[in-house]
Amino acid sequence: SEKTGIPLQFKSAAWGEGLKMMREGKADIHASLYLSEEREHYLTYAAIVAASQGMIFYHRSIINISGPGDLKAFKVGAVQNSYHEQYIKQQVPEALLMSYVEFPDMLRAAQRGDIRVFVEDAGATLYRLKEQGLLDAFHYNPGQALYRNNFWIAVHKGNTKLAKALAEGMALISPDARATLERKWLPGSLIRTPDTLFIAMSDDYAPYSFVNAEGRPAGLLVDIWRLWAEKTGKKVEFLFSDWDDSLNNVRHGSADIHSGLFRSEYGA
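Residues numbered from 1 in each chain as written. Predicted model: local features only at pLDDT ≥ 70, side-chain atom pairs only at ≥ 80, totals over all residues. Heavy atoms only, no water.

> Sorry, what's going on with the overall build of the chain here?
Looking only at helices and strands, one finds eight helices and 13 strands in the chain. Taken over C-alpha atoms, the radius of gyration comes to 19 Å for the chain, in line with the 18 Å a tight globule of 268 residues would show. By residue count, 40% of the 268 residues in the chain fall in the buried class. Split by element, the accessible area of the chain, about 15500 Å² in all, is 53% carbon and sulfur. Charged side chains of the chain number 30 positive and 32 negative; the gap between the two group centres comes to 4 Å. (Helix = DSSP H or I, 4+ residues; strand = E, 2+ residues; numbered from the N terminus. Rg over C-alpha atoms; globule rule 2.2 N^0.38 Å. Buried < 20%, exposed > 50% of the residue type's maximum accessible area, 1.4 Å probe, protein only. Areas by Shrake-Rupley, 256 points an atom, 1.4 Å probe, with all protein chains shown as cover. Lys, Arg positive; Asp, Glu negative; His and termini not counted. Charge placed at Lys NZ, Arg CZ, Asp CG, Glu CD.)

> So what exactly am I meant to see when it comes to the pairing of strand β5 (residues 117–121) here?
On a regular strand, each side chain points to the face opposite its neighbour's, so the side chains alternate between the two faces of the sheet. The buried fraction of β5 is high, at five of five residues. The sheet contact formed by strand β3 (residues 75–79) and β5 spans two bridges and is parallel. If you follow V76 over to β5, its bridge partner there is V117. (Pairing = 2+ DSSP bridges.)

> I would appreciate a short explanation of helix α5 (residues 160–171) in the present structure.
Because each turn of an α-helix spans 3.6 residues, side chains separated by three or four positions in sequence point in the same direction. Here α5 spans 16 Å end to end across twelve residues, near enough to the 16 Å set by a 1.5 Å rise per residue. All of the buried residues along α5 are A163, L166 and G169. Angularly, the buried residues of α5 cover 130° about the axis, an arc narrow enough to put them on a single face. Structural note: α5 exposes T160, K161, K164 and A171 on the side pointing more than 90 degrees away from its buried face. Where α5 is buried, its residues meet β1 (29–33), β2 (43–59) and β7 (147–156). (Expected span 1.5 Å × (residues − 1). Arc of directions from axis to C-beta. Contact = heavy atoms within 4.5 Å.)

> So what exactly am I meant to see when it comes to the packing of helix α3 (residues 103–112) against helix α4 (residues 122–131) here?
For any two helices packed against each other, one specifies the inter-axial angle together with the distance between the axes. Interhelical geometry of α3 versus α4 gives an angle of 60° and a closest axis separation of 12 Å. Considering their axes alone, α3 and α4 lie oblique with respect to each other. Considering only the axes of α3 and α4, their crossing is right-handed. Of the residues in α4, those touching α3 at F103, P104 and L107 are A124, T125, R128 and L129. Of the residues contributing to the contact of α3 with α4, the split by class is five nonpolar, one polar and one charged. (Axes fitted to C-alpha atoms, helices over the stretch in contact; angles between N-to-C directions. Parallel < 35°, antiparallel > 145°, perpendicular 65-115°, else oblique. Left-handed = near helix turned anticlockwise from the far one by under 90°. Nonpolar A, V, L, I, M, F, W, Y, C, P; charged D, E, K, R; others polar.)

> Please clarify how the pattern of salt bridges should be interpreted in this entry.
A pair can form between side chains of opposite charge whenever their charged atoms are brought close. In the structure shown here, the tally under the stated rule is six salt bridges. One salt bridge connects E85 with K89, and the closest N-O pair in it is separated by 3.9 Å. Pair noted here: E85 and K89 are both in helix α2 (residues 83–91), with a separation of four residues, about one helical turn. For E85, a relative accessible area of 8% puts it in the buried group. Among the ionic pairs, R112 bridges to D114, the shortest N-O distance being 2.7 Å. When its relative accessible area of 34% is taken as the criterion, D114 is described as partly exposed. (Salt bridge = Lys/Arg side-chain N within 4 Å of Asp/Glu carboxyl O.)

Below you can see the structure in the form of structure tokens.
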């Protein structure tokens, strides 16, 4: 707003209600949300405003949760109509899903012991846990993000003029100014540094790329990229997911590079 001179007024609402406001034309802009096919029916995406990591958080009484497969043994919390809820339904349908209207509702349920596991954006969760003195009560594995995604700003479907103005305005915010804001609000581990390349890979394409028994990226392509990083002095981080999501990570800008795939007109 300061850069463009365009005044803004914020309207707060529960997550699902905020989406409803966009569908019904009661708001002009959604401040931040993930891409999804369902939302593309009524939204036009304008620009990326921040990076995000979906994490599994679990009560300290649980020894460890090493990956999404372990969620089958628990009641798992998620916010209604969120990407996290959709992820659990699609990727771990065997889990007993417990949906909550807002994030604070879910966190209170976790404190009461109604649930001991939930899936949420790491930045939002760590901020809340720190704010309420609960950082020691819930654990997560920072090296095992369920997925990495971007927060986008969006407008009503077809409002390309406003989308263009928003994108141009966001481009006026310098990298240094953005980094200052990220350091103010987010844990340092979530800040995407300019010298790190993110490589999308399939987690089930052995022997080329897969996730090993320790939950780490492995395979021929992974070793080649690690050797490339060693030879060039670059830093790389692997974003593992199923095959379709690995392509989407490149398509939507969550990853810079795909670890390896066939050439095709579809990819072009």
